[in-house]
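Residue-level structural notes
In case you want the letters, here they are:
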Amino acid sequence: MDSKEGIGLVIVDGAAFGSEMRDVSEYLREVGGIVLYAPESFEWLLLSTHLIPEIKISQILEHPEDYIDSREYASWERFFTELLVNRTQGDPLWAYSKKKLPDVYLSSKIKNAVKKQMKLIVWEEKR
């Protein structure tokens with residue numbers, strides 16, 4: 001961050017990150033220049049772009065409560081992580097891993113589609 005200008009964006013899983021929220025929020029207030037975005041699930045954010053090949057889950061995204069069994073999944077984050085991992089595991093380009101985000105997910109096309117889903121953030125327009 002030291003060498004970059006502008007505001008930094010950190011995206012975390014709201015469900016998994018909740019216990020850290022207070023300390024990190026205080027730190028971000030002190031440091032400044034960083035926005036924290038915490039959707040229920042980062043994987044949901046990726047899936048909601050509808051750009052990942054061979055994944056057709058519009059119904060699930062529209063009504064997740066009809067598909068997520070709380071006896072099996074402690075959170076929606078875990079459900080969407082498993083869904084994304086399972087649906088992409090055979091694809092060398094799109095195989096999702098929570099440990100290291102594959103480069104394809106950092107493409108401009110995916111980033112712009114994710115930004116459209118992040119409705120609470122006002123993005124600067126390029127001039």
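Residues numbered from 1 in each chain as written. Predicted model: local features only at pLDDT ≥ 70, side-chain atom pairs only at ≥ 80, totals over all residues. Heavy atoms only, no water.

As enumerated under the stated definition, the model contains 4 aromatic pairs in all. Between Trp94 and Tyr105, the ring centres sit 5.3 Å apart and the planes meet at 90 degrees, which makes this aromatic pair edge-to-face. Taken together, the positions of Trp94 in the loop between helix H5 (76–88) and helix H6 (108–117) and Tyr105 in the loop between H5 and H6 put the pair 11 residues apart, joining distant regions of the chain. One exposure class covers both Trp94 and Tyr105, and it is buried. Taken together, a centroid distance of 5.7 Å and an interplanar angle of 85 degrees make the contact between Tyr96 and Tyr105 edge-to-face. Residue classification places Tyr96 among the buried positions, given a relative accessible area of 7%. (Phe/Tyr/Trp six-rings, centres within 6.5 Å; stacked < 30°, edge-to-face > 60°. Helix = DSSP H or I, 4+ residues; strand = E, 2+ residues; numbered from the N terminus. Buried < 20%, exposed > 50% of the residue type's maximum accessible area, 1.4 Å probe, protein only.)

Within H6 the residues assigned to the buried category are Ile110, Ala113 and Val114. One face of H6 carries all of its buried residues, which in axial projection span an arc of 100 degrees. Seen from the open side of H6, the exposed residues pointing more than 90 degrees away from its buried face are Ser108 and Lys116. Taken together, the buried residues of H6 touch helix H3 (42–47). (Arc of directions from axis to C-beta. Contact = heavy atoms within 4.5 Å.)

Here the chain averages 86 in pLDDT, while 94% of its residues score no lower than 70. Taken element by element, the chain is modelled with least confidence in helix H1 (residues 14–17), mean pLDDT 75, and with most confidence in H5, mean pLDDT 92. (pLDDT = per-residue confidence, 0-100.)

A full pass over the atoms with the stated rule returns 4 salt bridges. For Arg22, the salt bridge is made with Glu26, and the minimal N-O distance between the two is 3.4 Å. Here Arg22 and its partner Glu26 are both found in helix H2 (residues 21–31), 4 residues apart, which amounts to about one turn of the helix. Lys98 is paired through a salt bridge with Glu77; the nearest N and O atoms lie 2.8 Å apart. In this pair, Lys98 sits in the loop between H5 and H6 while Glu77 sits in helix H5, placing the two residues 21 residues apart along the sequence. Lys98 sits in the partly exposed class, given a relative accessible area of 44%. For Glu77, a relative accessible area of 7% gives the class buried. Shared partners join several salt bridges into a network, and the residues in it are Glu43, Glu77 and Lys98. (Salt bridge = Lys/Arg side-chain N within 4 Å of Asp/Glu carboxyl O.)

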